[in-house]
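In case you want the letters, here they are:
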Amino acid sequence: MPAPSHLTRAEVEEFGRELDRIRDEVLAGLGEQDARYIRGVIATQRKLEMSGRVLLFASWLPPAWAAGTAALATAKILENMEIGHNVLHGQWDWMRDPKIHSTTWEWDSACPADLWKHSHNFVHHTWTNVLGKDRDIGYSALRISPEQQWHPVYLAQPLYNILLALFFEYGIAIYDLELERIPSGQKSLKEALAQLRAIAGKVQRQIVKDYVAFPLLAGPAFLPVLLGNLTANLARNVWAHTIIFCGHFPEGAEFFTEDRLQDETRGEWYLRQLLGSCNIDGSRLFHIMSGNLSHQIEHHLFPDLPSNRYAEIAPRVRALCERFGLAYTSDSLARQAGSVWKRVLRLALPGPGPQPTAATSPARKLKAVA
Amino acid sequence: MLGKLNHAAQWLSTPLLPEDYLGLLDPLWSAEELRGRVEGVCPETADAATLVIRPSRGWRAHRPGQWVRIGVDIQGRRHWRTYSLSSPPERPDGCFTITVKAIPDGLVSTHLARRTAPGTIVRLAGPEGEFVVPEPPPPRPLFLTAGSGITPVMAILSGLLPGDTAHPTWPPGQEPPDVVLVHSAPTPQDVIFGARLRHLAARSPYLRLHERHTRSAGRLSPADLAGLCPDWAQRSVWACGPAAMLDEVAAHWTGPADRLCVERFRPAVLASGEAGGRVRFTRSGREADAGGATPLLTVGEDAGVLMPSGCRMGICHSCVGRLRSGRVRDLRTGQVHGEAGDLIQTCVSAAAGPIEIEL
Ligand SMILES: Cc1cc2nc3c(=O)[nH]c(=O)nc-3n(C[C@H](O)[C@H](O)[C@H](O)COP(=O)(O)OP(=O)(O)OC[C@H]3O[C@@H](n4cnc5c(N)ncnc54)[C@H](O)[C@@H]3O)c2cc1C
Ligand code: FES
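Residues numbered from 1 in each chain as written. Chains lettered and ligands numbered in written order. Predicted model: local features only at pLDDT ≥ 70, side-chain atom pairs only at ≥ 80, totals over all residues. Heavy atoms only, no water.

As annotated in an unreviewed UniProt entry, chain A carries the name Fatty acid desaturase and comes from Acrocarpospora corrugata.

To continue, consider the overall build of chain B. Helix and strand content of chain B: 9 helices and 19 strands. For a compact globule of 359 residues, the expected C-alpha radius of gyration is about 21 Å, and chain B comes in at 23 Å, within 12% of that figure. With respect to the three principal axes, the spread of C-alpha positions in chain B is 60 × 55 × 40 Å. Taking all 359 residues of chain B together, the buried fraction comes to 49%. Taking all contacts inside chain B whose residues are at least 6 apart in sequence as the whole, residues at least 24 apart take part in 64%. (Helix = DSSP H or I, 4+ residues; strand = E, 2+ residues; numbered from the N terminus. Rg over C-alpha atoms; globule rule 2.2 N^0.38 Å. Buried < 20%, exposed > 50% of the residue type's maximum accessible area, 1.4 Å probe, protein only. Contact = heavy atoms within 4.5 Å.)

With that out of the way, let us pick up the interface of chain A and chain B. On the chain B side, the residues contacting the 33 residues of chain A number 28 residues. Surface buried jointly by chain A and chain B totals about 2,700 Å² across both partners, of which 54% is contributed by carbon and sulfur atoms. Connecting chain A to chain B are 6 salt bridges. For A:Lys99, the salt bridge goes to B:Glu32, with nearest N and O atoms at 2.7 Å. Counting across the interface, chain A meets chain B through 13 residue pairs in polar contact (both at pLDDT 80 or more). Of all elements in the fold, only helix 2 (32–57) and helix 7 (189–217) of chain A reach the threshold of two or more residues within the side of chain A that touches chain B. Looking at the side of chain A that touches chain B element by element, the count peaks at 8 residues for helix 2 of chain A. Class assignment for the residues of the side of chain A that touches chain B results in 13 nonpolar, 7 polar and 13 charged. (Buried area = accessible area lost by both parts, 1.4 Å probe. Salt bridge = Lys/Arg side-chain N within 4 Å of Asp/Glu carboxyl O. Polar contact = N/O pair within 3.5 Å; in protein donor to acceptor, adjacent residues only side chain to side chain. Nonpolar A, V, L, I, M, F, W, Y, C, P; charged D, E, K, R; others polar.)

What follows covers the layout of surface pockets. Reported here for the second largest pocket is a volume of approximately 1,300 Å³. Looking at the lining of the second largest pocket, the elements that each hand over two or more residues are helix 1 (9–29), helix 4 (113–126) and helix 9 (266–275) of chain A together with strand 13 (286–290) and helix 9 (296–302) of chain B. (1 Å grid on protein atoms, 1.4 Å probe; cavity = no way out; pocket = protein on both sides within 12 Å on 5 of 7 lines; lining within 4 Å. Points joined across faces, edges and corners; volume = space filled by probe spheres on them.)

Turning next to the side chain of A:Ser339. With respect to the element layout, A:Ser339 can be found in helix 13 (residues 333–346). With near-sequence residues (within four places) excluded, A:Ser339 lies in contact with A:Pro250 and A:Glu251.

All names here are of chain A. At a closest axis distance of 11 Å, the pairing of helix 1 and helix 12 (residues 310–323) adopts a crossing angle of 170°. The orientation of helix 1 relative to helix 12 falls into the category roughly antiparallel. Residues Glu-14, Phe-15, Glu-18, Leu-19, Ile-22, Glu-25 and Val-26 of helix 1 touch helix 12, and the partners they reach there are Ile-313, Arg-316, Val-317, Leu-320 and Arg-323. Classifying every residue of the contact of helix 1 with helix 12 by side-chain character gives 7 nonpolar, no polar and 5 charged. (Axes fitted to C-alpha atoms, helices over the stretch in contact; angles between N-to-C directions. Parallel < 35°, antiparallel > 145°, perpendicular 65-115°, else oblique.)

Residues and elements named next belong to chain B. Ordered by their spatial adjacency, 6 strands build an open sheet running 4-3-6-1-2-5, and the pairing between neighbours is antiparallel. Each having just a single partner strand, strand 4 (77–84) and strand 5 (96–101) make up the two edges of the open sheet. Put simply, the sheet's adjacent strands are angled 40° from each other on average, direction ignored. The sheet contact formed by strand 2 (residues 48–55) and strand 5 spans 6 bridges and is antiparallel. Paired with Ala-48 across the two strands is Lys-101, which belongs to strand 5. (Pairing = 2+ DSSP bridges.)

As a further point, take the packing of aromatic side chains. According to the stated counting rule, one finds 14 aromatic pairs over all chains in the structure shown. An aromatic cluster is present here, built from A:Tyr37, A:Trp92 and A:Trp94 joined pairwise through their rings. A cation sits over an aromatic face here: A:Arg205 above B:Trp11, 4.3 Å from the ring centre. Across the ring face of B:Trp80, the terminal group of B:Arg69 is positioned such that the distance to the ring centre comes to 5.4 Å. (Phe/Tyr/Trp six-rings, centres within 6.5 Å; stacked < 30°, edge-to-face > 60°. Lys NZ or Arg CZ within 6 Å of the ring centre and 35° of its normal.)

With that out of the way, let us pick up the site of ligand 1. Residue and element names in this part refer to chain B. Near ligand 1 you find 22 residues, and of these Thr-82, Tyr-83, Ser-109, Thr-151 and Arg-266 are the closest. In the model, an oxygen atom of ligand 1 is placed 2.9 Å from a nitrogen or oxygen of the Val-108 main chain. The separation between an oxygen atom of ligand 1 and a polar side-chain atom of Arg-266 is 2.6 Å. Burial of ligand 1 by the protein chains amounts to 75% of its free accessible area of 900 Å². Looking at the shell around ligand 1, the elements with two or more residues in it are strand 4, strand 5 and helix 3 (107–114). Of the residues forming the shell around ligand 1, the biggest block, 4 residues, is contributed by strand 4. Split into classes, the residues belonging to the shell around ligand 1 amount to 9 nonpolar, 7 polar and 6 charged. (Near = heavy atom within 4 Å. Areas by Shrake-Rupley, 256 points an atom, 1.4 Å probe, with all protein chains shown as cover.)

Moving on, we come to the sheet that holds strand 15 (residues 328–330) of chain B. Residue and element names in this part refer to chain B. Pairing within the open sheet is antiparallel, and its 3 strands lie in the order 16-15-18. The sheet is open, and its two edges are formed by strand 16 (336–337) and strand 18 (349–351), each paired on a single side. In this structure, strand 15 lies alongside strand 18, joined through 3 bridges in antiparallel fashion. Its bridge partner being in strand 18, Val-328 is matched across the sheet by Ala-351.

Before going further, it helps to examine empty space enclosed by the protein. All names here are of chain A. Applying the stated criterion across every chain yields a total of 5 cavities of 30 Å³ or more. The computed volume of the largest cavity comes to approximately 350 Å³. In terms of lining residues, the largest cavity is bounded by 26 residues, among which Trp-107, Trp-116, Phe-168, Ile-172 and Ile-244 are the most central. At the level of secondary structure, the elements contributing two or more residues to the lining of the largest cavity comprise helix 3 (62–88), helix 4, helix 6 (168–175), helix 8 (222–248) and helix 11 (296–301).

What follows deals with the pattern of salt bridges. Residues and elements named next belong to chain B. Counting across every chain of the model gives 51 salt bridges over all chains. Taking the shortest distance from any N to any O, the salt bridge between Arg-37 and Asp-26 comes out at 3.6 Å. Pair noted here: Arg-37 is in strand 1 (residues 35–43) and Asp-26 is in the loop between helix 2 (18–22) and strand 1, with a separation of 11 residues, a long-range link. Given the relative accessible area of 22%, Arg-37 is considered partly exposed. Its salt-bridge partner being Asp-224, residue Arg-212 comes within 3.0 Å of it at the nearest N-O pair.

Turning our attention to the pairing of strand 12 (residues 277–281) of chain B. Residues and elements named next belong to chain B. Relative to strand 13, strand 12 is paired through 5 bridges, and the arrangement is antiparallel. By the bridge assignment for strand 13, Val-279 is matched with Ala-288. Taken together, strand 12 and the strand that follows it, strand 13, pair antiparallel across an intervening segment of 4 residues, in which Gly-285 is found at a positive phi of about 70°. Of the pairings in the sheet, the one linking strand 12 to strand 19 (residues 355–358) comprises 3 bridges and is parallel in character. Directly across from Arg-280, in strand 19, lies its bridge partner Glu-356.

What follows covers unusual backbone geometry. With an omega dihedral of 0°, the bond running from B:Gly126 to B:Pro127 counts as a cis peptide bond. At A:Asp263, a position not held by glycine, the phi torsion is positive, near 50°. Along the chain, the position of A:Asp263 falls in the loop between helix 8 and helix 9. For A:Asp263, a relative accessible area of 63% gives the class exposed. Even without a glycine there, the phi angle at A:Asn292 is positive, about 60°. Examined against the element boundaries, A:Asn292 turns out to sit in the loop between helix 10 (284–289) and helix 11. The exposure class of A:Asn292 is buried, given its relative accessible area of 4%.

Residues and elements named next belong to chain B. Strand 7 (residues 141–146) sits mainly inside the fold: 6 of its 6 residues count as buried. Residues Pro-141, Phe-143 and Thr-145 point to one face of strand 7 and Leu-142, Leu-144 and Ala-146 to the other, with burial holding for every one of them. In the sheet, strand 7 pairs with strand 10 (residues 236–240) via 5 bridges, with the strands oriented parallel. Bridged to Thr-145 within strand 10 is Cys-240.

Put into structure tokens, the structure is as follows:
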């Protein structure tokens, strides 16, 4: 993989300007078509959800159970990924529709939108893959980079990862509380408690909805409806976990040290976003189901551009990377997921020593030539 | 009952509202967001059209002369504008009308008057406004209008004049109304509601209509007005039209101030070439560079902030935001003012240097 150290500072900034140009072009072209796209996805998601729940009322028929559960799972995935995640990024704020706006949206996830916007939009997207800054590296539970100090608790991390996948939404909610910042006083206990209450309130409503209200409405089909809802929630969690882990942790994704951040220019910021992200190849439907996080690179370069535009700019970003001799990591879902799991398994054990692709080299070298 | 049901249904729809699902069947079932469906568009003149709009649940009837705010999606973006209601309240079909004159380069007016198809959904807020006739109406009202300024007066007139009865009777001791309407437009064909007004004047002995066709006769001056309606200073006057006309009427008004009611369609803005600054919208976390003559409302909207707004001309206070730091320029007077904590009308204020506002 060509390291970015071959670029001069001027070239890095030229790379940044080219990306800015792509961004400006997309922004200038936003209009009717884009608005129709997101409204269409939202309407489809809601109809799918209603159909799924109606089918589940007939779930004493096994095919109805299967179809209902599948429809509900698909709706929940769409709701979290292509709609919720992207609306909360402010990708659709330009429409000025208070019903589809980052400041008013709430999603079907244990983590309240406000809390998530802080930890995700700000902390993760600003400090992407910077060790000690980007808390998303391993979600505080996993050792995902060799630079993280090994500890015997990591021996069980394949198990943690499975649990995290199954209960991803709860994992994210607790993780977003940033409990580790309380002992040092960086975060007050009072604030954490208030946030915990908000999470508890949301979790309560969701549990009542999926595991009490809808099953009760189904009367004799109580149990199959409950199981269908549970299956849909678990499927959504595992899917979201898989896509998100494939975005930053497969082979090829780089991690950076904090010194990288000092006086970081716009060009260098773009570079870090590019090198810390990986794409997943797939069909149009797959991209939609992944919330277009399969275009993780484009998403990290332009987190607030509407997701339906990532596919169209991806070839341009790729060509730009080629021109500047930069790696553009993209592979199939199976390969990326395999690569993530290899990493999780390998790093459960101590070692290896610092990797040449990791934090040590590119970042520092970049600074050195600058 | 409905409220309780709705509340219970929220346990099934959380985190959304039941109406977010019901709205898929009929957008007008929404109660949280006031909406309207355009049922028909009727051309009035070459550049004006009347839109018949069916409001959703929760719409309250207006008083004649009031206006409504309309949110229209153009090229995917929502734009809010204000339009006077041109229909009398409580039409039998439950709809109301607005009448829009397409102004050259006007984004929303052109879209509404020329490119809006029946079935289009718009957002609504209101009705509001003080350009109304009190109850009981004064016996001798005078309406001074020009161009699209006729729209609120059309709604008022229908309520003032007795219906289509040929020989209306008046309660003993009560004077029949004596209504004068002086309306200006470039040519007879440009008179919005021209045919209806002429028909009304021909049938009703209580309405005197003076049309002024400015292309041939020139603009109406206050002196002309005294000729057309010698007792105009003794009447109660409602005036609506271009700023120049309204300013002139106000300058020549000799009657008591509370008998002259003026409706402006656009703010009287003082041109200002002064420096602006960086604006930070603290609640939404957005920032933008603002010119010294650009309303903060526009700056915020362009930056993707959900800016509340209303008349967009400094009268309704729907658009206020709390200033956290910096100072603003009042675009109507040019005066620079503001302290931390002040509520600022964003539609008529521009940044005078860097500011932070809680929106
Ligand atoms: C209380 C109230 C009631 C109103 N009622 C009506 C009504 O019944 N019918 C109606 O047609 N309009 C009415 N208006 C005016 C309307 O709200 C819009 O301002 C107007 O339609 C122009 O909007 P636009 O988006 O087309 O123009 P914009 O795209 O906003 O502006 C384009 C250009 O036109 C200029 N401009 C803006 N407003 C006006 C104006 N009113 N006259 C001339 N030039 C203007 C701007 O300075 C700019 O240069 C009313 C306004 C108010 C405040
Ligand atoms: S929008 Fe009415 S005062 Fe500003």
